[in-house]
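Structural overview for review
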Amino acid sequence: MHASTTYTAAEGAGYERNMGRWSRQLALPFLDFAGTGARERVLDVGCGTGALSAQLLAREASCEGHAVDLIPAYVAHARRHLPPPRPALAVGDACALPYRDDVFDRVLSLLVLHFVPQPAQAVAQMVRVARPGATVAAAVWDARGGFVAGRMFFDTAAAWTRARHSSAPATSPGR
């Protein structure tokens, strides 16, 4: 059996520092893309600490929000920190969603599928729980299009390594 994620999990506050801040920034543009509608049943797959669900319900309070994540600590953090109205939160695997077929008007996934070793299986599950005519949408990092944050990190690490090695006493002028 394959692991359903490659993301290293510890606790909700750490997730917030690492991924949550990006999820909060991307949630509204993603909802603009995926759309929202009054009184819809919406599922947030791989909800983390709930940034997308929070923005969804702030935008359209009449929605029936549901959110699922594989990591119990993230779901617990969302239960403690999300303001009302909160989605119905559950622990579950994106590759084996714990919902009946054809029940959601929108099935959304933000910054999750790139951590799932079998993303096609997760997408198939998203489609399975979506009712006919529903919207299924996902967004992931654009690693091939110049993932700027990653490029900045690696460029900085390389420059720091070069500077550190070139300023070592053994390589200083006159040594």
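Because the structure is predicted, anything quoted here is derived from the model rather than measured.

Digging into helix 1 (residues 12-34)
The periodicity of an α-helix, 3.6 residues per turn, causes residues three or four positions apart to be oriented the same way. Its 23 residues give helix 1 an end-to-end C-alpha distance of only 26 Å, which falls more than 12% under 33 Å, the value for a rise of 1.5 Å per residue. The axis of helix 1 is deflected most strongly, by about 55°, at M19. All of the buried residues along helix 1 are G12, Y15, E16, M19, G20, S23, A27, F30, L31 and A34. The secondary structure elements touched by the buried residues of helix 1 are helix 2 (51-59), helix 3 (72-81), strand 4 (104-110) and strand 5 (130-139). One or two residues past the end of helix 1 sits G35, with phi positive at roughly 85°.

Re the packing of aromatic side chains
Counted by the stated rule, this structure contains three aromatic pairs. Considering the side-chain rings of Y99 and F104, the 5.3 Å spacing of their centres and the 85° angle between planes classify their relative orientation as edge-to-face. Positioned above the aromatic ring of F104 is the side chain of R41, whose terminal nitrogen or guanidinium carbon lies 5.3 Å from the ring centre.

Thoughts on the packing of helix 1 against helix 2
Contact geometry of helix 1 with helix 2 gives a least axis separation of 8 Å together with a crossing angle of 50°. In terms of orientation, helix 1 and helix 2 fall into the oblique class. Crossing handedness for the pair helix 1 and helix 2: right-handed. The residues of helix 2 that touch helix 1, namely those facing S23, R24, A27, L28, F30, L31 and D32, are A51, L52, Q55, L56 and R59. Grouping the amino acids of the contact of helix 1 with helix 2 by side-chain chemistry returns seven nonpolar, two polar and three charged.

Reading the values: rules and limits
- Residues numbered from 1 in each chain as written.
- Predicted model: local features only at pLDDT ≥ 70, side-chain atom pairs only at ≥ 80, totals over all residues.
- Heavy atoms only, no water.
- Helix = DSSP H or I, 4+ residues; strand = E, 2+ residues; numbered from the N terminus.
- Expected span 1.5 Å × (residues − 1).
- Bend = angle between axes of the 7 residues up to and from the residue.
- Buried < 20%, exposed > 50% of the residue type's maximum accessible area, 1.4 Å probe, protein only.
- Contact = heavy atoms within 4.5 Å.
- Phe/Tyr/Trp six-rings, centres within 6.5 Å; stacked < 30°, edge-to-face > 60°.
- Lys NZ or Arg CZ within 6 Å of the ring centre and 35° of its normal.
- Axes fitted to C-alpha atoms, helices over the stretch in contact; angles between N-to-C directions.
- Parallel < 35°, antiparallel > 145°, perpendicular 65-115°, else oblique.
- Left-handed = near helix turned anticlockwise from the far one by under 90°.
- Nonpolar A, V, L, I, M, F, W, Y, C, P; charged D, E, K, R; others polar.

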